[in-house]
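Summary of the model geometry
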Amino acid sequence: MSVSRIIRLPPLPSIRDLIKLYKLRAMKELSQNFLMEPRLISRIVRSAGSFKDCEVCEVGPGPGNITRSIIQNMPSRVLIIEKDKRFTPSLELLAESSPVPLELIFGDVMNFNLEQMFNEDNKMEWEDKCPQIHLIGNLPFNVSTPLIIRWLKAISERKSAWRYGRVRMTLTFQKEVAERMAAPIMTRERSRLSVMCQNWCRVEHKFNIPGKITIILFYLM
């Protein structure tokens, strides 16, 4: 008998309904952007690869659009880090309804240490295969570049999440920033950011989203 590869969530209000109910809006001053199209959200999660039996840490879940799709892809555990407490009711509802363990953490990811976040059983030597840990996030534009620079430093030192091994990342960036990250040598977009990212990671441009947002998958070298 075949086993479904998707976990079904119990009936929940739609994200659109929750946004209306709690009068939520994307705040320009925080560079927030809500992704609402279910097929697009599913495509983002699929682009990260299999989450089956993985610990998944989502950065900046907002009202929980991507979180729902992550849960449906059979992770062993989900952690979400959110700075904006306006999303508390929506995220707490999801945590209570989730068929997999979901931990909600309120904090600023720019000052957050992922050193003790994951199961020690998932820790791998750097030369071994990637651990069953994945970082994912639809990042606010004003955070994305300084955060990836901060994380690249942690990668170089094998600290924070990278104490557990070559943890992969699937993140959104503005199209222009993503093009610099993935720019080949001798191209116009090549920059210091290109060198920094490609020194430590294999940068894979997955696809563009209408609105000048790009999905980037980082495989650690």
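First, a word on what this report is: a plain description of the structure on this page. Nothing here was measured: the structure is a model prediction, and the numbers come from that model.

Tallying secondary structure elements over the chain gives seven helices and seven strands in all. The order of α-helices and β-strands along the chain, N terminus first, is α-α-β-α-β-α-β-β-α-β-α-α-β-β. Scaling as 2.2 N^0.38, a compact globule of 221 residues should have a C-alpha radius of gyration of about 17 Å, and the chain matches this with 17 Å. Considered along the principal axes of its C-alpha atoms, the chain spans approximately 50 × 40 × 35 Å. By the burial criterion, 49% of the 221 residues in the chain qualify as buried. Summarising the internal contacts of the chain: among those between residues at least 6 apart in sequence, 67% fall at separations of at least 24. Carbon and sulfur atoms form 52% of the exposed surface of the chain, whose accessible area is close to 11,400 Å². When the 33 basic and 23 acidic side-chain charges of the chain are each reduced to a single mean position, those positions are 6 Å apart.

Attention now goes to the pattern of salt bridges. It is possible for side chains of opposite charge to pair when their charged atoms get near one another. In total, this model carries 13 salt bridges according to the counting rule given. The residue arginine 188 makes a salt bridge to glutamate 189 at a minimum N-O spacing of 3.7 Å. Overall, glutamate 189 belongs to the partly exposed group, its relative accessible area being 28%. Put simply, Glu55, Arg77 and Glu103 are held in one network by salt bridges that share partners.

Let us now look at the packing of aromatic side chains. Summed over all chains, the structure comprises three aromatic pairs. Here the aromatic rings of phenylalanine 173 and phenylalanine 218 are separated by 6.0 Å at their centres, their planes lie at 75 degrees, and the arrangement is edge-to-face. Of the two residues, phenylalanine 173 sits in strand 5 (residues 168-174) while phenylalanine 218 sits in strand 7 (residues 213-220), which places them 45 residues apart along the sequence. The pair formed by phenylalanine 173 and phenylalanine 218 is uniform in burial state, with each residue classed as buried. Directly above the aromatic system of tyrosine 164 lies the positively charged group of arginine 163, at a separation of 4.5 Å from the ring centroid. Taking the ring centre of tyrosine 219 as reference, the NZ or CZ of arginine 202 above it sits at 4.2 Å.

The rules behind each value
Residues numbered from 1 in each chain as written. Predicted model: local features only at pLDDT ≥ 70, side-chain atom pairs only at ≥ 80, totals over all residues. Heavy atoms only, no water. Helix = DSSP H or I, 4+ residues; strand = E, 2+ residues; numbered from the N terminus. Rg over C-alpha atoms; globule rule 2.2 N^0.38 Å. Buried < 20%, exposed > 50% of the residue type's maximum accessible area, 1.4 Å probe, protein only. Contact = heavy atoms within 4.5 Å. Areas by Shrake-Rupley, 256 points an atom, 1.4 Å probe, with all protein chains shown as cover. Lys, Arg positive; Asp, Glu negative; His and termini not counted. Charge placed at Lys NZ, Arg CZ, Asp CG, Glu CD. Salt bridge = Lys/Arg side-chain N within 4 Å of Asp/Glu carboxyl O. Phe/Tyr/Trp six-rings, centres within 6.5 Å; stacked < 30°, edge-to-face > 60°. Lys NZ or Arg CZ within 6 Å of the ring centre and 35° of its normal.

All we've got here are geometric facts, nothing functional implied.
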